[in-house]
Number of protein chains: 2
Amino acid sequence: MSECTDIYTIAAQRLTEYMKGKNIRKTPERFEILRIVCQTPGIFSIDELHEIMEQKAKFQVSRVTLFNTMKLLEDAKLIIKHTLARAAHYECCINPHPLVCMVCQKCGMVRKLESSKIENWLSEQKCKQFIITQPVLYFHGLCRSCMVKSSIKKRSRVKSEK
Amino acid sequence: MSECTDIYTIAAQRLTEYMKGKNIRKTPERFEILRIVCQTPGIFSIDELHEIMEQKAKFQVSRVTLFNTMKLLEDAKLIIKHTLARAAHYECCINPHPLVCMVCQKCGMVRKLESSKIENWLSEQKCKQFIITQPVLYFHGLCRSCMVKSSIKKRSRVKSEK
DNA sequence: GTCAGTGCAAACTTTTTGCAACTAC
DNA sequence: GTAGTTGCAAAAAGTTTGCACTGAC
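Nothing here was measured: the structure is a model prediction, and the numbers come from that model. (Residues numbered from 1 in each chain as written. Chains lettered and ligands numbered in written order. Predicted model: local features only at pLDDT ≥ 70, side-chain atom pairs only at ≥ 80, totals over all residues. Heavy atoms only, no water.)

Draft legend 1. Seen up close, the overall build of chain A. Within chain A one finds six helices and six strands. The long-range fraction of contacts in chain A, counting pairs at least 24 apart against all pairs at least 6 apart in sequence, stands at 61%. Of the accessible surface of chain A, which amounts to about 9,300 Å², a share of 51% is contributed by carbon and sulfur atoms. (Helix = DSSP H or I, 4+ residues; strand = E, 2+ residues; numbered from the N terminus. Contact = heavy atoms within 4.5 Å. Areas by Shrake-Rupley, 256 points an atom, 1.4 Å probe, with all protein chains shown as cover.)

Given below as structure tokens:
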């Protein structure tokens, strides 16, 4: 928890910095949402975040505000938006680094890979026509579980740790 | 056009092969959709495909059938599904290869990169816990046009060549 | 003839918008 | 006090489902 608090402190500073001179107000909702986002491991949807806010954090906030705040946090580069499933999913990302994700085409499971080579590869690329803010490498395939079970169940939403 | 026809011939063979022994029927809708998909460059949404079918191909087909058929073609590995925007986008991909896409965070533009190095990098990866069927590397960032214009217009849908 | 496929309408899910009340500045 | 923010309700957008009809096998 103390580590989470540290992350939140940094994140809150960055958000304050981002807001500066932009006519963007520091509302309690925005900082409480950021706090929960920092405390939530893995990726989550708006609905999941809404439930966490109400159940765990006992903080009432509307879905509309969550949508708006996610956009703000994304612009401030404090979270990353994944649109792998029908509903967008987000994750806290205080120190953006190249993400390597395994996405199961059957169950929607997402797993992250550690990789230094991809970073080297990325640094070699010359992209004058494009400012890269966040590279994400998705591997679409089948996870071990779905490899074994040959069930024909429908592709579900992205799973997150509950 | 002759090249497109060739691609369709190969695709139709693959689809037929995929359907074999699966109780999946060869309907004219499915093959006509596949033909148009093979003739359509770049990425497209269900709605865009629906318009092309009606306007250019003069072939009446419902959106429901397009959704179903896209699922079938995806399973048959003849198309790739991108979920970068609110609406899913698809592209024909007869010979799947690692895709490297630049996605503009502002206007939603998608551009493909040529890259052989990413293929080498991928071949080095050992993924025993995962069968990779399609690697896609997305660069999220800003395209040249949005770099210059500092307009604050909202992020729009994925653009495709019209 | 059977049952998978099609297409309409309706339901459902996710996201956006309009608007009144609120509040950070 | 002003204007950005919140949150409700409603609309919009994308996708799925129920069901009757059709047609591939």
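Draft legend 2. Main features of the sheet that holds strand S2 (residues 79-82) of chain A. Residue and element names in this part refer to chain A. Here we have three strands laid out as an open sheet, ordered S1-S3-S2, and antiparallel in their pairing. Only two strands of the sheet have a single partner each, and these edge strands are strand S1 (44-45) and S2. The sheet contact formed by S2 and strand S3 (residues 89-92) spans four bridges and is antiparallel. What sits directly across from lysine 81, in S3, is tyrosine 90. Contacting S1, S2 and S3, helix H4 (residues 63-75) crosses the sheet at an angle of about 115° to S2. (Pairing = 2+ DSSP bridges. Axes fitted to C-alpha atoms, helices over the stretch in contact; angles between N-to-C directions.)

Draft legend 3. Seen up close, the pattern of salt bridges. Residues and elements named next belong to chain B. All told, the structure shown has six salt bridges over all chains when counted by the stated rule. Ionic pairing is found between arginine 35 and glutamate 32, a salt bridge with its closest N-O pair at 2.6 Å. With arginine 35 and glutamate 32 both in helix H2 (residues 28-39) and three residues apart, the pair spans about one turn of that helix. By relative accessible area, arginine 35 is classed as partly exposed at 27%. As a salt-bridge pair, arginine 63 and aspartate 47 come within 2.8 Å of each other at their nearest N and O atoms. Residue arginine 63 is found in helix H4 (residues 63-75), and its partner aspartate 47 is found in helix H3 (residues 46-55); the two are separated by 16 residues along the sequence. (Salt bridge = Lys/Arg side-chain N within 4 Å of Asp/Glu carboxyl O. Buried < 20%, exposed > 50% of the residue type's maximum accessible area, 1.4 Å probe, protein only.)

Draft legend 4. Up close: the packing of aromatic side chains. Applying the stated criterion to the full structure yields zero aromatic pairs over all chains. Between the NZ or CZ atom of A:Lys22 and the centre of the ring of A:Tyr18, over which it lies, the distance is 4.1 Å. (Phe/Tyr/Trp six-rings, centres within 6.5 Å; stacked < 30°, edge-to-face > 60°. Lys NZ or Arg CZ within 6 Å of the ring centre and 35° of its normal.)

Draft legend 5. Structural detail: H4(A). Look at H4(A): 18 Å from first C-alpha to last across 13 residues, which is about the 18 Å you get at 1.5 Å a residue. The complete set of buried residues in H4(A) reads A:Leu66, A:Thr69, A:Met70, A:Leu72, A:Leu73 and A:Glu74. (Expected span 1.5 Å × (residues − 1).)

Draft legend 6. Here's a closer look at the sheet that holds strand S2 (residues 79-82) of chain B. On the basis of which strands lie adjacent, the open sheet formed by three strands has the order S1-S3-S2 (chain B) and antiparallel pairing. Every interior strand has two partners, whereas the edge strands, strand S1 (44-45) and S2 of chain B, have only one.

Draft legend 7. Just the confidence of the model for chain A, in detail. Residue and element names in this part refer to chain A. On average, residues of chain A score 76 in pLDDT, and 57% of them reach the 70 mark or higher. The lowest-confidence element of chain A is helix H6 (residues 144-148), averaging 55 in pLDDT; the highest-confidence one is helix H2 (residues 28-39), averaging 96. Residue range residues 149-162 is modelled with pLDDT below 50. Its contacts to residues more than four positions away, or to other chains, number 32 contacts. (pLDDT = per-residue confidence, 0-100.)

Draft legend 8. Region of the structure containing the state of the cysteines. Residue and element names in this part refer to chain B. Counted according to the given criterion, the structure contains zero disulfides over all chains. Considering cysteine sulfurs only, cysteine 38 is the nearest to cysteine 92, which forms no disulfide, with 4.1 Å between them. By relative accessible area, cysteine 92 is classed as partly exposed at 21%. (Disulfide = S-S within 2.5 Å.)

Draft legend 9. Fine view of the packing of H2(B) against H3(B). Residue and element names in this part refer to chain B. Two numbers describe how H2 lies on H3: the axes approach to 11 Å, and their chain directions differ by 105°. It follows that H2 is roughly perpendicular to H3 by the angle criterion. Contact with H2, carried on its side by Glu32, Ile33, Ile36 and Val37, involves Leu49, Ile52 and Met53 of H3 and no other residues of that element. (Parallel < 35°, antiparallel > 145°, perpendicular 65-115°, else oblique.)

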